[in-house]
Amino acid sequence: MKPHLIVLDLDGTLLTDEKIISAKTEQTLMAAKAEGHQVMIATGRPYRASEPYYRQLGLDLPIVNFNGAFVHHPKDRSWKTIHEPISLPVVGDVMETIQDFNFHNIVAEVQDDVYVHQHDEKLLNIFTMGDPKVTVGDIRSYLKDNPTSLLIHPDAADADRIRDRLGEVHAEVVDHRRWGAPWYVIEIIRHGLNKAVGLSAVAEWAGIPRDRIIAFGDEDNDLEMIEYAGTGVAMGNAIGELKTIADEVTGTNNEDGIAAVLEERLKLKSASRI
């Protein structure tokens, strides 16, 4: 069988609800690699928060972070890093726009530097993996570099209204997605970027055509990637829109849904017999 490229979202897909890779899924991915297939991660997370899983799986391809706004190769400096941040003037415009709504906090990330508008222990716990440099205070005063992403933690009642306003006012400069439950977080990146953009660059570099790409996801930041892949797979816990466009729906992230698809499509031995 010709080599396939297996593309993995992290939260809600590769990772169980306990934020680990199950033994069966890990064994199946290792078996796929042993057969000559390639594995990569495409996530909304920054690299510092995905590096442990990259290392655990022994990956050797570029990784897509920040939903395509940052793509780099952790092991090969000759790979030309892709970094497409949001311009500071746009950040200022977005912050001005959301003043009409109720929100709890705003977070800006410049790769691995984190800027938090207001101190919030629960929110900070999400961003401290990988020991980043954290600055707390008015982002408009402290943020001096174009951020890779901007996150808004809105009041739940205003989440959809904020997204609607962003679409009306800033559609030509930024794209925005929502995080899955329990966080009502709106993530903003530069317009035109998504996981499929990063994936296409990696696939071209690796020499693997779209019809031999198998991608797994569960949320709305996976939509373009699932459409782009030759085989787009929605997890059993995925949102309805993703299941509608996917080529296949598998088990949930807690049911080794990834392993089931790979065993069948790549003719792998069952992980239980590895």
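Just above sits the structure.
Given the structure is predicted, the values throughout are model-derived calculations rather than measurements.

A. Seen up close, the sheet that holds strand 13 (residues 231–234). Spatially, 2-1-12-13-14 is the arrangement adopted by the 5 strands of the open sheet, whose pairing is parallel. The open sheet terminates on both sides in strands that have one partner only, identified here as strand 2 (38–41) and strand 14 (248–249). The pairing of strand 1 (residues 5–8) with strand 12 (residues 213–217) spans 4 bridges and is classified as parallel. Within strand 12, the position partnered with Val7 by the bridge is Ala215.

B. Quick peek at the environment of Lys269. You can see Lys269 is positioned in the segment after helix 10 (257–265). Here the alpha-carbon distance between Lys269 and Ala31, two residues 238 residues apart in the chain, equals 7.9 Å.

C. Looking closely at the pairing of strand 11 (residues 186–190). When you tally the buried positions in strand 11, you get 4 out of 5 residues, the bulk of the element. Pairing of strand 9 (residues 149–154) with strand 11 involves 3 bridges; the strand directions are antiparallel. Bridging from a neighbouring strand, Ile152 pairs with Ile186 of strand 11. As paired elements, strand 10 (residues 174–178) and strand 11 share 5 bridges and run antiparallel to each other.

D. Seen up close, the packing of aromatic side chains. The final tally for this structure, using the stated rule, is 2 aromatic pairs. Ring plane angle 75 degrees and centroid distance 6.4 Å describe the contact between Tyr47 and Tyr54, whose orientation is recorded as edge-to-face. When sorted by exposure, Tyr47 lands in the same class as Tyr54, which is buried. Arranged with centres 5.4 Å apart and planes meeting at 80 degrees, the rings of Trp79 and Trp205 form a pair that is edge-to-face. You can see Trp79 sitting in the loop between strand 4 (70–72) and strand 5 (82–83) and its partner Trp205 sitting in helix 7 (residues 195–206), a full 126 residues away along the chain. The exposure class of Trp79 is buried, given its relative accessible area of 10%.

E. Region of interest: helix 6 (residues 159–170). A rise of 1.5 Å per residue sets the reference length of helix 6, with its 12 residues, at 16 Å; its end C-alpha atoms lie 16 Å apart and thus fit the reference within 8%. Every buried residue belonging to helix 6 is among Ala159, Ile162, Arg163, Leu166 and His170, and all of these are buried. Down the axis of helix 6, the buried side of the element spans an arc of 100 degrees, and every buried residue falls inside it. Along helix 6, exposed side chains directed more than 90 degrees from the buried face belong to Asp160 and Glu168. Buried positions along helix 6 lie against helix 3 (88–97), strand 9, strand 10 and strand 11.

Basis of the calculations
- Residues numbered from 1 in each chain as written.
- Predicted model: local features only at pLDDT ≥ 70, side-chain atom pairs only at ≥ 80, totals over all residues.
- Heavy atoms only, no water.
- Pairing = 2+ DSSP bridges.
- Helix = DSSP H or I, 4+ residues; strand = E, 2+ residues; numbered from the N terminus.
- Buried < 20%, exposed > 50% of the residue type's maximum accessible area, 1.4 Å probe, protein only.
- Phe/Tyr/Trp six-rings, centres within 6.5 Å; stacked < 30°, edge-to-face > 60°.
- Expected span 1.5 Å × (residues − 1).
- Arc of directions from axis to C-beta.
- Contact = heavy atoms within 4.5 Å.

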